[in-house]
Protein chains: 2
Amino acid sequence: MTEIYRASTTAPVNIAVVKYWGKRDAKLNLPTNSSLSVTLSQADLRTLTTATCSSTYTGEDTLTLNGSPSDISGARTQACLRELRSLRAALEEKDPSLPKLSKMPLRLVSENNFPTAAGLASSAAGFAALVRAIANLYELPNSPTELSIIARQGSGSACRSLFGGYVAWRHGSQEDGLDSKAVEIAPASHWPEMRALILVVSAAKKGVSSTSGMQQTVATSDLFKGRVATVVPAHMDAMEKAIAARDFAGFAEVTMKDSNSFHSCCSDTYPPIYYMNDVSRAAVRAVEAINAAAGKTIAAYTFDAGPNAVIYFLEENSNLIIGTFYKLLQGVDGWKEEAKASSSSIQLEEAVSSIIQGGVSRIIMTSVGEGPVKTEQHLA
Amino acid sequence: MTEIYRASTTAPVNIAVVKYWGKRDAKLNLPTNSSLSVTLSQADLRTLTTATCSSTYTGEDTLTLNGSPSDISGARTQACLRELRSLRAALEEKDPSLPKLSKMPLRLVSENNFPTAAGLASSAAGFAALVRAIANLYELPNSPTELSIIARQGSGSACRSLFGGYVAWRHGSQEDGLDSKAVEIAPASHWPEMRALILVVSAAKKGVSSTSGMQQTVATSDLFKGRVATVVPAHMDAMEKAIAARDFAGFAEVTMKDSNSFHSCCSDTYPPIYYMNDVSRAAVRAVEAINAAAGKTIAAYTFDAGPNAVIYFLEENSNLIIGTFYKLLQGVDGWKEEAKASSSSIQLEEAVSSIIQGGVSRIIMTSVGEGPVKTEQHLA
């Protein structure tokens with residue numbers, strides 16, 4: 001009888017508060033600067049991946065993504081598979097009693113629990129789940145940080161999705177990239193009150209892909225040099241201190257300034273790259289108005305390579321932040337039951353309210369969460 | 001009998017291609033960096049100012065602006081009047097036969113030939129006309145560069161409107177600001193083919209004033225340091241070479257990059273300042289599409305502290321550039337007769353065309369022009 005070997009895992013989405021933008025080595029996905037992210041709860045956003053292999057399988061490795069066959073011949077995916085196989089092969093060499101999984105074709109099946117329509121970059125969760133699932137299948141003893149070096153080669157920010165909570169990606173300096181890896185700054189349990197409200201903004205047209213966009217920025221933005229040399233190092237330092245001290249105002253200021261710095265380098269690229277639109281900017285004004293009304297910084301905006309606004313805040317201020325946006329956006333999908341009970345006296349300017357109402361197509365309510373979780377829920 | 005002394009002048013608007021943004025001394029309007037502008041034709045955009053004085057006048061100096069009394073008690077206007085009076089007083093001291101104009105109240109009357117609705121900063125033309133008119137009235141022998149030191153104290157960019165053609169404002173280094181002045185890089189006759197099409201964009205709400213905005217940028221933008229230290233000096237040097245060589249592609253690239261750099265520093269300000277909106281960005285895409293269709297750089301965009309797009313191009317390409325926008329915006333005010341005969345085969349993307357059609361409220365067609373002109377057309 002021939003066995004089928006199988007392992008499954010879930011992996012989370014992460015949203016950076018100090019942004020990754022710019023590669024010093026495009027092949028190895030080595031970044032020009034360190035970055036730091038908050039891992040989001042898998043109850044709301046996760047990728048589930050099952051990795052299977054068997055001596056009865058023939059042909060190439062395959063990946064089925066959200067029900068459709070997906071091409072994995074790309075150099076990045078191949079790099080991940082090659083490195084994981086060689087780690088397994090080393091184990092098999094040390095212990096000849098182990099089944100030769102490294103020689104068997106892989107069948108990978110992966111699904112997101114959030115609609116692609118959400119316009120969230122799913123590659124981070126996707127590559128983290130792929131690497132973690134195969135590592136589980138191969139019973140690799142490697143630590144998440146060691147696996148992050150592999151996941152990074154699939155998609156840079158994927159290395160941060162191998163951990164829960166608050167995660168730094170150290171840029172490293174070695175040419176081989178072996179010191180460019182993710183580490184946990186603090187577990188979700190250190191600061192579990194962190195919440196995130198995502199305003200999904202319908203973009204008129206898809207922007208420049210982040211892969212090509214960041215290369216154009218490195219090549220043409222004069223202001224970007226300052227971001228890499230001084231801005232990001234200062235933001236990393238301040239952010240780690242703010243997280244250690246659970247200082248939300250400090251966390252928020254760095255989060256907002258770093259998002260502004262990143263998007264300013266995009267618009268300083270030649271030709272300029274614009275990811276934020278008037279709806280995104282209205283969300284910035286809304287957060288500023290909420291903080292002004294509260295008399296202190298209780299909300300922080302950040303934007304990735306797209307128009308969606310991610311708003312971080314603490315549980316204690318949920319009612320005020322959720323309430324302010326629920327008043328405007330009751331009609332859109334994604335609100336949780338608790339939102340219906342929320343209330344806020346904060347009145348946004350008409351100009352800001354109407355732009356947000358006209359441009360936000362769905363909501364995601366979530367919070368800080370855990371890293372990848374091994375599961376017995378298998379996809380086939 | 002008592003005489004009434006009178007002199008009138010017109011002064012032009014200028015649009016910078018290397019932007020002034022940031023003061024090292026707010027009281028004296030001393031800039032953090034040099035800047036360079038193109039003076040626009042007074043046939044299309046000008047301020048006409050008449051300065052009168054008489055021993056029969058009593059009370060304070062007065063200014064009537066576009067038909068309404070205007071407050072001139074502000075420190076900046078007072079600085080200009082004080083300096084001009086002291087120059088006149090020195091002449092009167094040297095030659096006692098001169099009438100004591102420096103002792104007489106001034107009656108200033110000023111009018112713009114363009115609607116305030118155009119949303120163009122008129123302070124540059126306004127202060128240049130005020131200084132030039134009084135200098136004429138006082139028969140001051142001072143050169144335009146010497147007068148630019150006075151106009152600069154009224155409104156920084158006003159110093160550049162004392163010249164026609166292509167004008168640099170040298171930031172200078174002295175504390176007293178006596179070396180922070182405007183000089184002519186090239187007269188309009190050196191490169192008379194330069195044209196400008198201004199797309200007047202209706203802003204949802206008025207942005208941050210440039211005076212307070214630039215101070216916030218100096219205080220809070222980390223990227224701005226790089227703009228001042230390296231970006232602007234390189235742009236000034238490249239721009240002067242491009243103008244000397246009548247190299248439009250070079251002129252255009254620096255113009256676009258400097259506008260991008262300036263607005264990127266605004267969005268890196270904390271809280272961020274946004275002057276460009278989705279309509280402005282659509283204009284950027286339209287210019288990129290025109291240059292792509294032409295196979296070379298024949299148009300350049302630049303944006304001041306507001307959403308209006310100023311598009312520079314050469315006379316030889318008027319038909320293509322004017323034609324592309326006339327097709328979209330026939331309905332709006334400001335087109336000249338020649339536009340109706342223009343034609344362009346360039347098709348902009350639907351997304352870009354519709355945003356421009358929805359957001360541009362008027363057009364100004366103009367070109368490089370001369371500096372202030374003494375006139376016998378007097379306002380009263």
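The rules we used
Residues numbered from 1 in each chain as written. Chains lettered and ligands numbered in written order. Predicted model: local features only at pLDDT ≥ 70, side-chain atom pairs only at ≥ 80, totals over all residues. Heavy atoms only, no water. Core = buried A, V, L, I, M, F, W, Y, C linked by side-chain atoms within 4.5 Å. Buried < 20%, exposed > 50% of the residue type's maximum accessible area, 1.4 Å probe, protein only. Contact = heavy atoms within 4.5 Å. Helix = DSSP H or I, 4+ residues; strand = E, 2+ residues; numbered from the N terminus. Axes fitted to C-alpha atoms, helices over the stretch in contact; angles between N-to-C directions. Parallel < 35°, antiparallel > 145°, perpendicular 65-115°, else oblique. Left-handed = near helix turned anticlockwise from the far one by under 90°. Nonpolar A, V, L, I, M, F, W, Y, C, P; charged D, E, K, R; others polar. Domains from an automatic or database assignment. Buried area = accessible area lost by both parts, 1.4 Å probe. Salt bridge = Lys/Arg side-chain N within 4 Å of Asp/Glu carboxyl O. Least-squares fit on C-alpha atoms with pLDDT ≥ 70 in both. Pairing = 2+ DSSP bridges.

J.: Which parts of the structure should I look at to understand the nonpolar core?
T.: Nonpolar side chains tend toward joint burial in soluble globular proteins. Grouped together as the largest cluster of nonpolar side chains are 94 residues, with contacts concentrated most on L84 and I134 of chain A together with L84, I134 and L137 of chain B. Residue contacts for L137 of chain B: discarding those within four places in its chain leaves Y5, R6, A7, A51, T52, C53, L101 and L106 of chain B. Counting residues in each nonpolar core, the second largest holds 71 residues, with V18, I346, I356 and V360 of chain B among its members.

J.: Teacher, can you tell me more about the environment of A168 of chain A here?
T.: Residue and element names in this part refer to chain A. Tracing the sequence through the fold places A168 in strand β10 (residues 166-170). A residue is classified by how much of its surface remains accessible, and A168, at 0% relative accessible area, is buried. The spatial distance from the C-alpha of A168 to the C-alpha of N33 is 11 Å, given a sequence separation of 135 residues. Excluding residues within four positions of it along the chain, A168 makes contact with S35, L36, K181, A182, V183, I185 and M236.

J.: Please explain the packing of helix α7 (residues 278-294) of chain B against helix α10 (residues 350-359) of chain B as it appears in this structure.
T.: Each pair of packed helices gets described by two things: the angle between the helix axes and the distance between those axes. All names here are of chain B. At a minimum axis distance of 9 Å, the contact between α7 and α10 shows a crossing angle of 130 degrees. Taken together, the axes of α7 and α10 lie oblique to each other. The way α7 lies across α10 gives a crossing that is left-handed. Between α7 and α10, the residues in contact are D278, V279, A282, A283, R285 and A286 and V352, I355, I356 and G359, respectively. Looking at the contact of α7 with α10 residue by residue, the class counts come to 7 nonpolar, 1 polar and 2 charged.

J.: Sorry if this is basic, but what is going on with the domain arrangement of chain A here?
T.: In many analyses, interface size is given as the accessible surface area lost on bringing the parts together. Residue and element names in this part refer to chain A. Domain assignment breaks chain A into domain 1 (4-188) and domain 2 (194-367). A separation of 27 Å is found between the C-alpha centroids of domain 1 and domain 2. The interface of domain 1 with domain 2 comprises 32 residues on the first partner and 40 residues on the second. Carbon and sulfur atoms supply 69% of the area that domain 1 and domain 2 bury against each other, a total of about 2900 Å² over both sides. On the domain 1 side of the interface with domain 2, the three residues burying the most area are V17, K19 and W21, jointly 30% of the side's total. Counting the contacts that link domain 1 with domain 2 gives 3 salt bridges.

J.: Can you walk me through the relation of the copies chain A and chain B in this structure?
T.: Turning one copy of the chain about an axis and sliding it along that axis gives the other copy, so a rotation and a shift relate them. Screw-axis analysis of chain A against chain B gives a translation of 0.0 Å along the axis, an RMSD of 0.0 Å, and a rotation angle of 180 degrees. These values place the two chain copies in the arrangement generated by a two-fold rotation axis. For chain A, the residue whose C-alpha comes nearest the rotation axis is S264 of chain A, separated from it by 2.2 Å. Taken together, the interface assignments show that 100% of the residues at the interface of chain A recur at the interface of chain B, consistent with an identical surface on both copies.

J.: Looking at this structure, how should I read the sheet that holds strand β6 (residues 46-54) of chain B?
T.: Two orientations exist for strands paired in a sheet by backbone hydrogen bonds: parallel and antiparallel. Residues and elements named next belong to chain B. Strand order in this open sheet of 6 strands is β8-β7-β9-β6-β1-β16, and the pairing throughout is mixed. Edge positions in the sheet fall to β8 (68-70) and β16 (373-375), since each of these pairs with one other strand and no more. Strand-to-strand twist in this sheet, taken as the mean axis angle between neighbours without regard to direction, amounts to 25 degrees. Strand direction decides the pairing type here: strand β7 (residues 62-65) and β8, joined by 3 bridges, are antiparallel. Its bridge partner being in β8, L65 is matched across the sheet by S68. Packed onto the sheet, helix α2 (residues 123-137) meets β1 (4-12), β6, β9 (106-112) and β16 and runs at close to 145 degrees relative to β1.

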